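# Per-entry structural report
Here is what each chain is made of, one letter per residue.
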Amino acid sequence: MPALSPAEHGIYDRHPVPAWIPAFAGMTTLRYLVARAIKSPVSIFYCLLQADITESLFLFLRILRFFAAMSPVNTKKPDILKRVLTISLLLLFLLLVAMLLGILMGSTPGGFKEAIQSLFGTRETGSMMDTIIWRIRFPRILLATLVGAALSLGGLVFQALLRNPLAEPYILGISSGSGIGAIFGILMGFSRFPGVGAMAFAGSMVTLLLLLVMSSGQTMIKKDSLLLSGVMVNAFCGALIMFLISITQDSRLHNIIFWLLGDLSMTDMGHVGILAVTIVPCFILLFWLSNSMNLLLMGKEMAQTMGVNIKVVTAILLIVTSFMVSATVSHCGPVGFVGLVMPHLLRLVFGPDHRVLVPACVLGGGTYMVLCDLLARTLPEQGEMPAGVITALIGAPLFIILLKRTGR
Amino acid sequence: MNTVIDTKKLSHSYGDVLVLKDLSLSIQKGDFFIIIGPNGSGKTTLMKVISGIEKSGKGRLEILGRPMRKYTRKTLARAISFVPQMVPVDFPFTVTELVLMGRSPHLGTLGLEQEKDIQIARQAMAFTGVEGLAHRKIDQLSGGERQRVFIARAICQEPQIMLLDEPTASLDLAHQVRVMDLMERLKQERGITIVMVSHDVNLAAMYGDRLLLLKEGQIVSMGLPEEVLTHNTLEEAYGCNLLVDESPLGKFQRVTLVPGKCIDSGMKKTDLK
Ligand SMILES: Nc1ncnc2c1ncn2[C@@H]1O[C@H](COP(=O)(O)OP(=O)(O)OP(=O)(O)O)[C@@H](O)[C@H]1O
Ligand SMILES: [Mg+2]
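Attention here is on the structure that accompanies the text.

### Re the overall build of chain A
- In terms of regular secondary structure, chain A is built from 18 helices and zero strands.
- Evaluated residue by residue, chain A yields a buried proportion of 50% over its 408 residues.
- Relative to all contacts within chain A whose residues are 6 or more apart in sequence, the contacts with residues 24 or more apart total 75%.
- Carbon together with sulfur atoms contributes 72% to the accessible area of chain A, which is approximately 18,800 Å² in total.

Set out below in structure tokens:
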């Protein structure tokens, strides 16, 4: 049989470069030239950012369409690594844009221009804006990125492992479980790391075990019983948290309540660094297991006959994910529904291959959380609200839609 | 070495319930081996034990001359592929992606497929006639199409032994024959040993080189189709009146059901045991 290349045979159709890419590049260059003709480097940047809303919406839709064209429905390049890299780079770009927005915008009035000047060093250092940007906003944005990445990835892994599209650390009660652990840690006067973190991990492992025992029928983890168990675990943990709060009288109460709000504002570079060191290895480990997750989608028995060591893989996935989730919970409290929204959106756009979805969830989840946090900081007229409010406002309706769809 | 699957006094139980009792059988390389037997007789369980899904407690089991415990999941997956009775498909993989997953045991942990693997997947899809569905999503296929996709996936795994659990159960007449012919071709062209569970004794008579009739986890009869498919053996195993004669095609047995003549008391007797 003559060796046709895959493209010739039509297993993989190659996609032409969409026409809007050169068009948009041209438009941007033109804009840049105009801006340069007018003013200073700062204004160039400002000008590039100030693309009007219709244009950016158009761009966003085109980007999504471009991604969708690369999804396995219409397939694609033969090299999976190339595909992973392309998608990662695109999402990384989105993440950087979101981070930049997050740094430049905030509740400080009229600070946008100042922020740009401060960011690009065209202003004397040591100003108030400098402090706000580097001491407050920057660590906060990094924290949001890490938290969003870890929680989306957590959702992705649970959905694959439990073969349930509604699984998510928060909905399953794992977040609240590690929350209980963390509160115990705070009450015992531990420091945030490693004391509270370790307690949070212990709490999440206990709830996970409880959940698996409660929801396991004979051999199979059923969809409804899993969700119901999660609801019960959540209710129980909620009551326990209330109990702990009501018997606490001193200054630790303040700590707990602040933390409970699912809030990203209390952080500094030290904490962010610790969190990064603990969860970035988890990302790598999970990517390494991503093909096993693909095989797991066909059921445990099939995966076994295709060479997956189910016991080892399941154990690693459960432990690593709980570890990752409890690390984020111990830093910023339970933030809900992130693990539901991002995996579903990304799966819709890129298809179900986990080798693509794991890096996409890390980058896309980070982007999503940074944007949610930005909304939380800028929406209220005065002060700010916890980012958990925004993620719940977006995520809970989606949960209901998904629930209705899987019910059919 | 021509024995690819060899068992001695193999038993298996779920909890306290003994489902396979002291099975001793050997399957030769290049055989089309078909397992028949009433519901609940342990056919699926036997397949699961051979494919390593269930670990058997007692007895000896050797695959390709090596004892089962010497295999890792991956090395076993290179020797045996399995098409189960039902595969859940909740996630929208395309046919190509799914067939390509069959390459996993030959690849690293990340399963990064090369040009060669894509070739193999393409050939497997052509073999089962699903190349036209390459871009379709697996959850949008009919039962018969899906069955052929999963067979393509199993072929893509390039095993020496292929296990199939009732692959013809949800297929129309033409597709039943097509799948059986496919297996025959796999056996002849690639020397793959086929082990299949089937409820269709007539297909078994036509295609099987050797048959195994199981009942309550024990061997009722094993051997050539004309040795196994006799009137007395079948009636005893199924508890049901049957006619066995020669098919109009000649050289095969033909089994015909007789309506309204099930021996109910026979069924009850075995249930009580
Ligand atoms: N996971 C399990 N746990 C406990 N008992 C089981 C399990 N799987 C099967 N059994 C029991 O083992 C016996 C054999 O089941 P098996 O699935 O092997 O039968 P089978 O011959 O494949 O039947 P069928 O023709 O209906 O597919 C049955 O009595 C069944 O109830
Ligand atoms: Mg069966």
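### Focus on the site of ligand 1
Residue and element names in this part refer to chain B.
- Neighbouring ligand 1 are 13 residues; Asn39, Gly40, Lys43, Thr44 and Thr45 lie closest to it.
- Lys43 is positioned such that a nitrogen or oxygen atom in its side chain is 2.7 Å from an oxygen atom of ligand 1.
- With respect to ligand 1, the side chain of His199 contributes an N or O atom lying 3.0 Å from an oxygen atom.
- The protein chains hide 60% of the 640 Å² of surface that ligand 1 would expose on its own.
- Among the elements that take part in the shell around ligand 1, helix H1 (residues 43-50) stands out by supplying three residues, more than any other.
- A breakdown of the residues in the shell around ligand 1 according to their chemical character gives three nonpolar, eight polar and two charged.

### As for the pattern of salt bridges
- Counted under the stated rule, the structure contains 13 salt bridges over all chains.
- The salt bridge involving B:Lys48 is made with A:Glu301; its shortest N-O contact spans 3.2 Å. Here the residue B:Lys48 occupies a position in helix H1, and A:Glu301 occupies one in helix H14 (residues 300-305), the pair thus bridging two chains.

### Thoughts on the pairing of strand S8 (residues 193-197) of chain B
Residues and elements named next belong to chain B.
- Summarising burial for S8: five of the five residues are buried, a large majority.
- Both faces of S8 are covered, namely the face carrying Thr193, Val195 and Val197 and the face carrying Ile194 and Met196.
- Examined bridge by bridge, strand S3 (residues 32-36) and S8 share four bridges and lie parallel to one another. Bridged to Phe33 within S8 is Val195.
- Judged from the five bridges that link them, strand S7 (residues 161-165) and S8 form a sheet pairing that is parallel. Within S8, the position partnered with Asp165 by the bridge is Val197.

### Here's the deal with the sheet that holds strand S1 (residues 3-14) of chain B
Residues and elements named next belong to chain B.
- Strand order in the open sheet formed by four strands is S2-S1-S4-S5, with antiparallel pairing between adjacent strands. Lying at the two open borders of the sheet, with one neighbouring strand each, are strand S2 (17-28) and strand S5 (66-67).
- Pairing geometry for S1 and strand S4 (residues 58-63), over five bridges, is antiparallel. When the sheet's bridge partners are listed, Thr7 is paired in S4 with Leu61.

### A closer look at unusual backbone geometry
- Non-glycine residue A:Arg163 carries a positive phi angle of around 50°.
- If you trace the backbone, A:Arg163 turns up in the loop between helix H7 (128-161) and helix H8 (174-187).
- For A:Arg163, a relative accessible area of 16% corresponds to the buried category.
- Here B:Leu64, not a glycine, exhibits a phi torsion of approximately 50°, which is positive.
- Along the chain, B:Leu64 turns up in the loop between S4 and S5.
- By relative accessible area, which is 17% here, B:Leu64 ends up buried.

### What about the pairing of S2(B)?
Residues and elements named next belong to chain B.
- In this sheet, S2 lies alongside S1 in antiparallel orientation, the contact comprising eight bridges. Within the sheet, the bridge partner assigned to Leu10 lies in S2 and is Leu23.
- Between S1 and the antiparallel strand that follows it, S2, lie two residues; Gly15 among them carries a positive phi value of about 60°.

### Structural notes on the nonpolar core
- A:Leu153, A:Leu317, B:Val99, B:Phe150, B:Ile151, B:Met162 and B:Met183 are the most contacted members of the largest nonpolar core, which has 153 residues in total.
- When residues of this core are assigned to their parent elements, the largest contribution, 17 residues, is made by H7(A).
- With near-sequence residues (within four places) excluded, B:Phe150 lies in contact with A:Met298, A:Met302, B:Val83, B:Val87, B:Val89, B:Leu98 and B:Ile138.
- B:Ile5, B:Ile27, B:Ile53 and B:Phe82 belong to the second-largest nonpolar core, a separate cluster that totals 29 residues.

### Thoughts on the environment of B:Glu227
Residues and elements named next belong to chain B.
- With respect to the helices and strands, Glu227 occurs in helix H8 (residues 225-228).
- Here the alpha-carbon distance between Glu227 and Leu211, two residues 16 residues apart in the chain, equals 8.8 Å.
- Beyond its immediate sequence surroundings of up to four residues, Glu227 is in contact with Ser221 and Met222.

### Here we look at H1(B)
Residues and elements named next belong to chain B.
- H1 sits mainly inside the fold: seven of its eight residues count as buried.
- Buried within H1 are the following residues: Lys43, Thr45, Leu46, Met47, Lys48, Val49 and Ile50.
- Count one or two residues on from H1 and you reach Gly52, which has phi positive near 85°.

### Focus: the environment of A:Gly173
- Structurally, A:Gly173 can be placed in the loop between H7 and H8.
- With relative accessibility at 0%, the residue A:Gly173 sits in the buried group.

About the cut-offs
- Residues numbered from 1 in each chain as written.
- Chains lettered and ligands numbered in written order.
- Predicted model: local features only at pLDDT ≥ 70, side-chain atom pairs only at ≥ 80, totals over all residues.
- Heavy atoms only, no water.
- Helix = DSSP H or I, 4+ residues; strand = E, 2+ residues; numbered from the N terminus.
- Buried < 20%, exposed > 50% of the residue type's maximum accessible area, 1.4 Å probe, protein only.
- Contact = heavy atoms within 4.5 Å.
- Areas by Shrake-Rupley, 256 points an atom, 1.4 Å probe, with all protein chains shown as cover.
- Near = heavy atom within 4 Å.
- Polar contact = N/O pair within 3.5 Å; in protein donor to acceptor, adjacent residues only side chain to side chain.
- Nonpolar A, V, L, I, M, F, W, Y, C, P; charged D, E, K, R; others polar.
- Salt bridge = Lys/Arg side-chain N within 4 Å of Asp/Glu carboxyl O.
- Pairing = 2+ DSSP bridges.
- Core = buried A, V, L, I, M, F, W, Y, C linked by side-chain atoms within 4.5 Å.

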